[in-house]
Amino acid sequence: MPVKDEIHWTVTATAAPRLTRLTCALTVDVLVIGGGLTGCRTALGLVEGGASVALVDSQDVGWGASGRSGGQCNPIWRKTPEELQTLLGAKHAETLIRTTLTSAHDLFRDIKTYEVDCDAVQAGWVQAAHTRKAIRDMGRLGAAWSAAGADITEIEGDAVQKASGSPAYRWALKHRAGGHVHPLSLTRGYAKAAIARGAQMFKGTPVTRLDRIDGKWRATTPQGEITAEAVVLSTNGYTNSLWPGLKQTVHPLVSVSMATRPLTTAEQETVLPGSVTISDSRLAIYYSRYDRDKRLVFGCVGSTDHADALSLGRLKGGLRTVFPQIANIEIERKWAGRIAVTPEMMPHIHEPAPGVLAGIGFSGRGIAMTSVMGRALSGRLLGGAEEDLPFPVLPITPIPMSGVTRRLIPLAAPAMTIKDKFDSFINGA
């Protein structure tokens, strides 16, 4: 049976909110541009705080990365708390460390509070090291976050295979707070919760101009306009040229995924037992989790916006490496989506003009950290102090040679794969 080119999550998601295109003029307190996890969680926080909100998306809620990701809740950064203090400054780092330590629990509590039907499972995350150097680096990271209060355990030898079902690794961190969700259903759930509390949302409504007029912001769309006191830009990997320079602050890398047929009960005993998630330390990272029907969703770094034959080959090769016991399992679907990666591998908050906030660049940590960002942006617009944000407000600084870098993106995955193989040869586990 041929592998279908379709996003698995769109086939298995809860019903989308019934949105229409904007065809009139509106006036609201806040306009949110971008209907992914960040935008929908920001809108939800704003309406709960008493603000009137309109959210627009050029496609539909969850159309972008929020409806294409692996859906894994990985509640830790790639930097230690000490490194965050150096990077962000003491005050912002203190807030970020505190919110990081509770980010997974906050996410799953949100899911319960807003009654979001998104197949949420909080069974833990196995973060595996593929080389001796990765073991040293990951050990230092785990020890530092454990000292800060994270519930992290080191596992090694046969215990790694017992915990994950993979014979490919001999050392890992087990993050008990981790888990997985249906990412598109989560996004739609946030949207529905915001709409139920008064937010207005519109699909098929790109913003073509954003002008400052009489102290307010006027957004022009193909069939309408919105006037707002404040604007949130939450378009992440699909950021365009609406705000000058913002698109050039991130690398738009690609994540590709595939979904297998449902695993049998016997197969489930040897692959991700207990429904944990797994990811590893490769640059061209491998990651995997179950969906609600026990299909295995397996992903890695891709080259284009389409899960082409090369991407599928890379996925199948990764599956053979991580789970050789099901190397020949039938594949039902494959798909791709953009993620926004910053040079620091940390999200950015920008405030490029009065009343304009942007939150982008989740660098592979979007499921847990978009909720952190959404709460931060809504809190700021509801009167919170800049110093209370988990990230400092940065100027928009385009990445040097970003145009050249973007043209080279298709070469990123092969280059990362070659580097991973070289690292494995030099620093084999």
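Residues numbered from 1 in each chain as written. Predicted model: local features only at pLDDT ≥ 70, side-chain atom pairs only at ≥ 80, totals over all residues. Heavy atoms only, no water.

Chemist: Kindly report on the overall build of the protein, identifying the contributing residues and their values.
Modeler: Tallying secondary structure elements over the protein gives 12 helices and 20 strands in all. Here the C-alpha atoms of the protein give a radius of gyration of 21 Å, agreeing with the 22 Å that 2.2 N^0.38 yields for 429 residues. In terms of its C-alpha atoms, the protein occupies a principal-axis envelope of roughly 65 × 50 × 45 Å. Within the protein, the proportion of its 429 residues that are buried is 56%. Look at the contacts in the protein between residues 6 or more apart in sequence, and 76% of them connect residues 24 or more apart. A distance of 4 Å separates the average location of the 47 positive side-chain charges in the protein from that of its 39 negative side-chain charges. (Helix = DSSP H or I, 4+ residues; strand = E, 2+ residues; numbered from the N terminus. Rg over C-alpha atoms; globule rule 2.2 N^0.38 Å. Buried < 20%, exposed > 50% of the residue type's maximum accessible area, 1.4 Å probe, protein only. Contact = heavy atoms within 4.5 Å. Lys, Arg positive; Asp, Glu negative; His and termini not counted. Charge placed at Lys NZ, Arg CZ, Asp CG, Glu CD.)

Chemist: Requested: an account of the pattern of salt bridges, with residues and values cited.
Modeler: Within the structure shown, the criterion is met by 26 salt bridges. A salt bridge links Glu48 to Arg197; the nearest nitrogen and oxygen atoms lie 3.5 Å apart. Note that Glu48 is positioned in helix α2 (residues 37-48) and Arg197 in the loop between α7 (183-196) and β9 (200-202), a separation of 149 residues in sequence. With a relative accessible area of 44%, Glu48 lands in the partly exposed category. Residue classification places Arg197 among the partly exposed residues on the basis of a relative accessible area of 40%. Salt bridges here are not isolated pairs; linked through shared partners, they connect Glu6, Asp291, Asp293, Arg295, Glu332 and Arg333. (Salt bridge = Lys/Arg side-chain N within 4 Å of Asp/Glu carboxyl O.)

Chemist: Any chance you could break down helix α3 (residues 81-88) for me, citing the residues and the numbers?
Modeler: Every buried residue of α3 is accounted for by Pro81, Leu84 and Leu88. Seen end-on, α3 carries its buried residues on one side only, within an arc spanning 50 degrees. Where α3 is buried, its residues contact α4 (90-113) and α5 (132-148). Looking one or two residues beyond α3, the residue adopting positive phi is Gly89, at roughly 95 degrees. (Arc of directions from axis to C-beta.)

Chemist: How would you sum up the environment of Arg218? Please name residues and give values.
Modeler: Following the sequence through the fold, Arg218 ends up in strand β11 (residues 216-221). C-alpha of Arg218 to C-alpha of Ala230: the two residues are 12 residues apart in sequence and 9.7 Å apart in space. In this structure Arg218 touches Arg209, Leu210, Asp211, Ile213, Glu225, Ile226 and Thr227, once residues within four positions along its chain are discounted.

Chemist: Can you break down the sheet that holds strand β1 (residues 4-5) residue by residue, with the values?
Modeler: Strand order across the open sheet formed by 9 strands is β1-β17-β13-β16-β15-β14-β5-β7-β6, with mixed pairing between neighbours. At either margin of the open sheet sits one strand with a lone partner, and together these are β1 and β6 (152-156). Its contacts with the sheet put α5 on β5 (125-128), β6 and β7 (171-175), and the angle it makes with β7 is roughly 25 degrees. Running over the sheet, helix α9 (residues 309-322) touches β13 (251-262), β16 (295-302) and β17 (331-341) and is turned about 120 degrees from β16. (Pairing = 2+ DSSP bridges. Axes fitted to C-alpha atoms, helices over the stretch in contact; angles between N-to-C directions.)

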